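# Coordinates in review
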Amino acid sequence: MCILTDHHSHTRPGNAIEPDGALLLSHPLHFLSLGLGTGLFPKAPGTAGTLLGFPLFWMLVSLPIWQQWLGLLLLFLFGIWCCAFTGRALGVSDHGAIVWDEIVAMAAILVTVPVTWAWWGVAFILFRLFDIWKPFPISWADKHVGGGFGVMLDDGLAAVMAIVVLQLMQRGL
């Protein structure tokens, strides 16, 4: 499977709507959960949204590490509310256009690697692989945990898995 192909296992019920520019601009929470519009990309919106994790990381990088993690935790918690809000508006909790979860997860991964293009590239690829392939326990969370918490949780788990692999790589294991 190509890392630039996104899919979500949640089906769209009959009352679901497709997000568009009008929804994006109708409320600040939609604007954020749809990744400033990257979630509306016709191909690979999750991959496009993941790229916004880089500027988010740069907004945090000058802070002490504990403040970076605290900020990311607060953004994760905010994401539960934000993504649930947009999921309700769309009629499906984990619509592919909701990419706030990818943004926060990617920024969290970047906190754990050296600030180099090579490490960033590996981090990006690993996160996209785990987010798309969804090995256990990501697949379990994706199927069994709903709402905004479910949206944030599966990407949080993909980030944890990527971080573990990256830490092993950094230690030469």
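The structure reproduced in this document is the subject of the present report.

Rules used in this analysis
- Counting from 1, residues in each chain are numbered in the order their sequence is written.
- Reporting of local features is limited, given that this is a predicted model, to residues whose pLDDT is at least 70; pairs of side-chain atoms are given and counted only at 80 or more, and all residues count toward the totals for whole chains, interfaces and linings.
- Hydrogens and water are ignored here; the side-chain numbers use all heavy atoms of the structure.
- For helices, the fitted axis covers only the stretch in contact; all axes are lines through C-alpha atoms, and the angles between them, taken along N-to-C directions, range from 0 to 180 degrees.
- Secondary structure elements are defined from DSSP: runs of H or I of at least 4 residues count as helices, runs of E of at least 2 residues count as strands, and each element is numbered from the N terminus.
- Under this scheme an angle from 65 to 115 degrees is roughly perpendicular, one under 35 degrees roughly parallel, and one over 145 degrees roughly antiparallel; angles in between are oblique.
- Crossing handedness: left-handed means the near helix sits turned counterclockwise from the far one by under a right angle, and right-handed means the same turn made clockwise.
- Here a residue-residue contact requires only that any non-hydrogen atoms of the pair lie within 4.5 Å.
- Residues are grouped as follows: Ala, Val, Leu, Ile, Met, Phe, Trp, Tyr, Cys and Pro are nonpolar; Asp, Glu, Lys and Arg are charged; all remaining types, including Gly, are polar.
- As used in this record, nonpolar core signifies buried Ala, Val, Leu, Ile, Met, Phe, Trp, Tyr and Cys residues forming a set joined through side-chain atoms within 4.5 Å.
- A 1.4 Å probe rolled over the protein chains alone gives each residue an accessible area, and that area as a share of the maximum for its type sets the label: buried under 20%, exposed over 50%, partly exposed in between.
- By definition, a salt bridge exists where a carboxyl oxygen of Asp or Glu is found within 4 Å of a side-chain nitrogen of Lys or Arg.

Let's shift gears to the packing of helix H5 (residues 65-90) against helix H6 (residues 100-111). One can describe the packing of H5 onto H6 by two numbers: an axis separation of 9 Å at closest approach and a directional angle of 165°. Our classification of the angle between H5 and H6 gives roughly antiparallel. Handedness of the crossing formed by H5 with H6: left-handed. Listed contacts from H6 to Ile-65, Gln-68, Trp-69, Leu-72, Leu-75, Phe-76, Phe-78, Gly-79 and Cys-83 of H5 are Trp-100, Asp-101, Val-104, Ala-107, Ala-108 and Val-111. Grouping the constituent residues of the contact of H5 with H6 by class yields 12 nonpolar, 2 polar and 1 charged.

This paragraph deals with the nonpolar core. One recurring pattern in soluble globular proteins: nonpolar side chains tend to sit buried together. Of all hydrophobic cores here, the largest spans 41 residues; its most connected members are Leu-72, Val-104, Met-106, Ile-109 and Leu-110. Looking at this core, the elements with two or more residues in it are helix H1 (21-26), helix H4 (53-60), H5, H6, helix H7 (117-133) and helix H9 (147-170). When near neighbours in sequence (up to four residues on either side) are disregarded, Leu-110 contacts Gly-53, Phe-54, Phe-57, Trp-120 and Ala-123.

Here the bond from Phe-136 into Pro-137 is cis, since omega is 10°, no more than 30 degrees from zero. Of note, Pro-137 is situated in the loop between H7 and helix H8 (138-144).

So, on to the pattern of salt bridges. Applying the stated rule across the entire model yields 3 salt bridges. Asp-131 serves as the salt-bridge partner of Arg-128, at 2.6 Å between the closest nitrogen and oxygen. Within this pair, Arg-128 and its partner Asp-131 are both found in helix H7, separated by 3 residues, close to a single helical turn. With a relative accessible area of 4%, Asp-131 lands in the buried category. Here Lys-134 ties to Asp-154 by a salt bridge, and the two come within 3.0 Å at their closest N and O atoms. Of this pair, Lys-134 sits in the loop between H7 and H8 while Asp-154 sits in helix H9, and the two are 20 residues apart along the sequence. Asp-154 shares its class with Lys-134; the two are buried. Sharing partners across several salt bridges, the network here consists of Arg-128, Asp-131, Lys-134 and Asp-154.

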